[in-house]
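Remarks on the overall topology
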Amino acid sequence: MNSEKLLELQKEMPDGVQLIAVSKFKPASDVQLAYDLGQRHFGENHAMEMKQKHEELPQDIKWHFIGHLQTNKIKYIIPFVHLIHSIDSFKLLQEVDRQALKHNREVDCLLQFHIATEETKFGFSLDECEKMLQSPEFASLKNVRICGVMGMASLTDDRQQIRQEFHRLHEIFDLLKSKYFAASDFFKEISMGMTDDYRIAIQEGSTLVRIGSAIFGARDYSNK
């Protein structure tokens, strides 16, 4: 864990931008080190790993689920998750709502949009999202709260393309805010930007940046 880099990043974040330290595949001891330096928001993309760390680490940590979430794993994180960034289907949102009801919680969620060129990335199209938001089935959900949007830029060295994709996500946020969430103060988050592109994301209006390798170093995926 690069303590110096974490402190640099914490100081670099402008007002209104929250640093999410992405601790996936890293031991709880690394999270504890970051916690001891004042970091409270951490991101994970595996439900069981996040559940285990939640049980081992200080209870005032705010856990962000940032990966592709399987419906059968939702139940493991619903009791404590702070924000789910990666709602990419109505089926998933319905299951979050169902599990949240069991715990008498209203769970904050972001809608993930597909803004990149790669087909492998998940997310709504704007048309799919609007159909969902206009449906009576969506209106019936009582235990989820849509707080904004999330997106991942293309894996490319073309900085202008990355900027355009982030700009597009901000446009989607503005449209949804004006048409569906104008009266909702909580609809305010734009989750975009990672280690290689977070500065562009901040310039384009990100409120949540997800930075992992710059803080925790490269990850070993061989056993995952």
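What counts as what
- Residues numbered from 1 in each chain as written.
- Predicted model: local features only at pLDDT ≥ 70, side-chain atom pairs only at ≥ 80, totals over all residues.
- Heavy atoms only, no water.
- Disulfide = S-S within 2.5 Å.
- Buried < 20%, exposed > 50% of the residue type's maximum accessible area, 1.4 Å probe, protein only.
- Helix = DSSP H or I, 4+ residues; strand = E, 2+ residues; numbered from the N terminus.
- Contact = heavy atoms within 4.5 Å.
- Core = buried A, V, L, I, M, F, W, Y, C linked by side-chain atoms within 4.5 Å.

1. With respect to the state of the cysteines
In a disulfide, the sulfur atoms of two cysteines are held together by a covalent bond. Enumeration over the complete set of coordinates arrives at 0 disulfides. No disulfide involves Cys-129; its nearest neighbouring cysteine sulfur is the one of Cys-109, lying 13 Å away. By relative accessible area, Cys-129 is classed as buried at 0%. In this structure Cys-147 is a free cysteine whose sulfur lies 7.5 Å from that of Cys-109, the closest cysteine sulfur available.

2. A look at the environment of Ile-162
Looking at the secondary structure, you find Ile-162 in helix 8 (residues 159–180). Given the relative accessible area of 2%, Ile-162 is considered buried. A sequence separation of 39 residues divides Ile-162 from Ala-201, and the C-alpha atoms of the two residues are 8.5 Å apart. Look past the residues within four positions of Ile-162 in its chain and what remains in contact with it is Ala-153, Ser-154, Thr-156, Asp-197 and Ile-200.

3. Overview of the nonpolar core
In terms of nonpolar packing, the biggest core is built from 65 residues, with Ile-84, Leu-93, Phe-113 and Leu-176 touching the most fellow members. No other element matches helix 8, which puts 6 residues into this core. The contact partners of Phe-113, leaving out residues within four places of it in the chain, are Phe-122, Gly-123, Phe-124, Ser-125, Leu-126, Cys-129, Val-149, Met-150, Gly-151, Leu-169, Ile-172 and Leu-176. Counting residues in each nonpolar core, the second largest holds 6 residues, with Ile-20, Leu-83, Leu-110 and Met-150 among its members.

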